[in-house]
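Observations on the model geometry
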Amino acid sequence: MRLVIYTGKGGTGKTVSACSTALRLSDQRYRTLLISSDPAHTLSDALMVGEIRGKPTRISPDLYAAQIDPVAEMDSYFNTIYSYFASYFLSKGMSNTLSYELAMLPGMTQLFSLLKIEEAVRTKEFDVIVLDMPASGEALRYLYFPKLIGSISMKLSGLAGLISGFGQIFRSYSSLSPPSGELIKIEADLLRRLEELSKLIFNPEITSVRLVANADTFSIENAKRALMSANLYGINVDMVIINKIMPQSQGKDSFFVNWADLQNTRVTEAKSNFYPLPVMEIPLYREELRGIDMLRQNAQVLFGDQDASQIFYSGKVFEFTNDSYGLMLKLKVPFTQNEDILVERVSDQVTVKLATDIGHIVNVIPLPAVTMGMKLKKAELVDSELAISFESPS
């Protein structure tokens, strides 16, 4: 069983990358389910097929697709929980509309979308699930929710979990009725499913995240933040895809020549910034990338003759550990020596300037919140791994 997740900034081509992957997998005789929870409903447009809804729709002999509506999923399966939260706000005198808006906790719609994965795995009908995640800088946090919520729930009390536990708290301040037997039963089922989903997402032999970007600073920086988040959460990233790369122009049109040169520089930097992850380069096509035939061509460019379900990389690009100073960031750097590295901290980022055989390359690395207030203490290179120490405030 494999779960392949595509995420990236909006407009980078993550949906067509996910569709191309799903088509290649089905052509390689893997029974494949392609899922999107993107509210833009782009699967039908990308594949150029009829309407795709929440139930798996057969696209080809071994390919099925589902376009998930998170709100509909929550309403269908967990309306009891949703209504229970809303009843608390109603009891405080809020309007019906506002109560239900407040009851929709941040990230809950995406959480319930992810449960569609657990449901599909439980059926044992598919060999691979490909997930096209919404375009969001916070997308990877949703993948951590199952583990987080499950942990919180178990700690609230022995038998009462997240919902019924909060229910007991709310009752102290309102006339909220105690959780019903039906609610507790639904909650127990939800927690069981979250636990199973967590096991899937955090198993590197099952789940791989693939980051999608364009050859521009904004989307590449977004991908770097996503990589840092994934490494912090313990979710394996096995590939970076850079789409829409313009061909090197030999003409006299300075506009296109400049753009091609700029993109070439960004791709070169990305290969160093994401090292040792494989960085796949996808050209800007002469026509819009959509339809099954073109998506198959794109899959050939992306994977060649390789198995699209394989794990292309396993391990952490960024790793945080405790040291004698406070915290240490470790990252692998290519083809350089100690005297060729300059490290500087600026706000919530650390800048690493490398001198390589192709010139100087600068990697701006986003730092997690835990480093707030810490000072950059030292940096040293050991066996092609750069260790940067941050000192905790005294």
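Only a predicted model underlies this, so the values are computations on that prediction, with no experimental measurement involved. Residue indices begin from 1 for each chain and proceed along its sequence in written order. A pLDDT threshold of at least 70 governs which residues receive local features in this predicted model, and a stricter bar of 80 or more applies before side-chain atom pairs are shown or counted, although totals over entire chains, interfaces and linings include all residues. Processing note: side-chain calculations cover all non-hydrogen atoms of the structure and skip hydrogens and water entirely.

**Some details on the overall build of the protein**
A count of helical and extended segments in the protein gives 11 helices and 15 strands. The buried label goes to any residue with under 20% of its type's maximum accessible area, the exposed label to any with over 50%, and the partly exposed label to all in between, with areas taken from a 1.4 Å probe on protein chains only. Within the protein, the proportion of its 394 residues that are buried is 49%. Counting contacts in the protein only where the partners sit at least 6 residues apart, residues at least 24 apart contribute 69% of the total. Carbon and sulfur atoms make up 52% of the accessible area of the protein, which totals about 19000 Å². Only runs of H or I of at least four residues qualify as helices and only runs of E of at least two qualify as strands under DSSP, and these elements are numbered from the N terminus. We call two residues in contact whenever any of their non-hydrogen atoms come within 4.5 Å of each other. The Shrake-Rupley method, run with a 1.4 Å probe, gives the accessible areas here. Residue values count only the displayed protein chains as cover.

**Structural notes on the sheet that holds strand β10 (residues 326-332)**
Strand order in this open sheet of four strands is β9-β10-β15-β14, and the pairing throughout is antiparallel. Unpaired on one side and paired on the other, β9 (318-322) and β14 (375-382) mark the two borders of the sheet. Going across the sheet, the axis of each strand differs from the next one's by a mean of 20°, ignoring polarity. Two strands pair if DSSP finds at least two bridges between them. For β10 and strand β15 (residues 385-391), the ladder comprises seven bridges, and the chain directions are antiparallel. Among the inter-strand pairings, Leu-329 is bridged to a residue of β15, identified as Ile-388. Here an axis means a line fitted to C-alpha atoms, over the contact stretch when the element is a helix, while the angle between two N-to-C directions is reported on a 0 to 180 degree scale.

**Side note on the packing of aromatic side chains**
Only centres within 6.5 Å qualify two rings of Phe, Tyr or Trp (six-membered ring in Trp) as a pair; their planes then separate them into stacked at under 30 degrees, edge-to-face at over 60, and tilted for everything else. The final tally for this structure, using the stated rule, is three aromatic pairs. With a centroid separation of 5.8 Å and an interplanar angle of 70°, the aromatic rings of Tyr-64 and Phe-126 are classed as edge-to-face. Separated by 62 residues along the polypeptide, Tyr-64 in strand β4 (residues 63-67) and Phe-126 in the loop between α5 (108-123) and β5 (128-132) bring together distant segments of the chain. Looking at Tyr-64, the relative accessible area reads 13%, which means it is buried. For the ring pair Phe-255 and Phe-256, a centre distance of 5.3 Å and an interplane angle of 85° mean the geometry is edge-to-face. Phe-255 sits in the exposed class, given a relative accessible area of 52%. Classification of Phe-256 as partly exposed rests on a relative accessible area of 41%.

**What about the nonpolar core?**
In globular proteins that are soluble, nonpolar side chains generally tend to be buried together. We define a nonpolar core as any set of buried Ala, Val, Leu, Ile, Met, Phe, Trp, Tyr and Cys residues linked to one another through side-chain atoms lying within 4.5 Å. Phe-274, Leu-329, Leu-386 and Ile-388 are the most contacted members of the largest nonpolar core, which has 75 residues in total. Ranked by the residues each element gives to this core, the list is headed by helix α8 (residues 181-201), at eight residues. Sequence-distant contacts of Leu-329, defined by excluding residues within four places in its chain, comprise Phe-318, Glu-319, Phe-320, Val-350, Ile-365, Leu-367, Leu-386, Ala-387, Ile-388 and Phe-390. In terms of nonpolar packing, the next biggest core, distinct from the first, is built from 30 residues, Tyr-6, Ala-65, Leu-289 and Met-294 among them.

**Brief notes about the confidence of the model for the protein**
Scored between 0 and 100, pLDDT is the confidence that the predictor attaches to each residue. In the predicted model, the protein carries a mean pLDDT of 83, and the fraction of residues at 70 or more is 83%. A low-confidence stretch, residues 154-161 (pLDDT under 50), is modelled with 10 contacts involving residues beyond four sequence positions or located in other chains.

**Focus on the pattern of salt bridges**
Put simply, a salt bridge is a Lys or Arg side-chain nitrogen that is within 4 Å of an Asp or Glu carboxyl oxygen. Considering all chains together, one arrives at 14 salt bridges under this definition. Glu-269 is the salt-bridge partner of Arg-266, the closest N and O atoms lying 3.4 Å from each other. Of this pair, Arg-266 and Glu-269 both sit in helix α10 (residues 254-273), separated by three residues, roughly a single helical turn. Taking the relative accessible area as the measure of exposure, Glu-269 reaches 25% and is therefore partly exposed. Several salt bridges converge on common partners, so that one network encompasses Arg-2, Arg-210 and Asp-238.

**Remarks on the packing of helix α1 (residues 14-27) against helix α11 (residues 292-303)**
Following both chains from N to C, one finds α1 and α11 inclined at 85°, their axes separated by 8 Å at the closest point. Judged by the inter-axis angle, α1 sits roughly perpendicular to α11. Contact residues: Val-16, Cys-19, Ser-20, Thr-21, Leu-23, Arg-24 and Asp-27 in α1; Ile-292, Leu-295, Arg-296, Asn-298, Ala-299, Gln-300, Leu-302 and Phe-303 in α11. Polar here means any residue outside two lists: the nonpolar Ala, Val, Leu, Ile, Met, Phe, Trp, Tyr, Cys and Pro, and the charged Asp, Glu, Lys and Arg; Gly therefore counts as polar. Tallied by class, residues from the contact of α1 with α11 come to eight nonpolar, four polar and three charged. Angular relationships are summarised with four words: roughly parallel below 35 degrees, roughly antiparallel beyond 145, roughly perpendicular across 65 to 115, and oblique for the angles in between.

**Quick look at a nonpolar patch on the surface**
Taken together, Phe-255, Phe-256, Trp-259 and Leu-262 make up a surface patch of nonpolar side chains, about 400 Å² in accessible area. Mapping Leu-262 onto the fold places it in helix α10. Among the residues examined, Leu-262 registers a relative accessible area of 34% and is labelled partly exposed. The patch calculation keeps residues exceeding 30% relative accessible area without a salt bridge and links them within 9 Å when they carry like charges or within 5 Å when they are nonpolar (Val, Leu, Ile, Met, Phe, Trp, Tyr).

**Quick look at the sheet that holds strand β2 (residues 32-36)**
Ordered in space as β3-β4-β2-β5-β1-β6-β7-β8, the eight strands form an open sheet in which the pairing is mixed. Two strands bound the open sheet, and with one partner strand each, they are β3 (57-60) and β8 (279-283). Strand-to-strand twist of the sheet, defined as the mean angle between neighbouring strand axes without regard to direction, takes the value 25°. As judged from the five bridges shared by strand β1 (residues 2-8) and β5, these two strands associate in the parallel manner. Within β5, the residue paired with Arg-2 across the bridge is Val-128. α1 contacts β1, β2, β3, β4, β5, β6 (207-214) and β7 (237-245) of the sheet and is inclined by roughly 170° relative to β5. Taken strand by strand, α10 contacts β7 and β8, and its axis lies near 175° from that of β7.

**Comments concerning the environment of Phe-318**
Its location among the elements puts Phe-318 in strand β9. Sequence spacing of Phe-318 and Ala-230 is 88 residues, and the spatial spacing of their C-alpha atoms is 9.3 Å. Beyond its immediate stretch of four places on either side in the chain, Phe-318 contacts Lys-224, Leu-227, Met-228, Asn-231, Leu-329, Lys-330, Leu-331 and Ile-365.

**Let's talk about the environment of Asp-127**
Locating Asp-127 in the fold gives a position in the loop between α5 and β5. Taking C-alpha positions, Asp-127 is 9.4 Å from Leu-25, a pair spaced 102 residues apart along the chain. In this structure Asp-127 touches Met-1, Arg-2, Arg-29, Tyr-30 and Arg-31, once residues within four positions along its chain are discounted.

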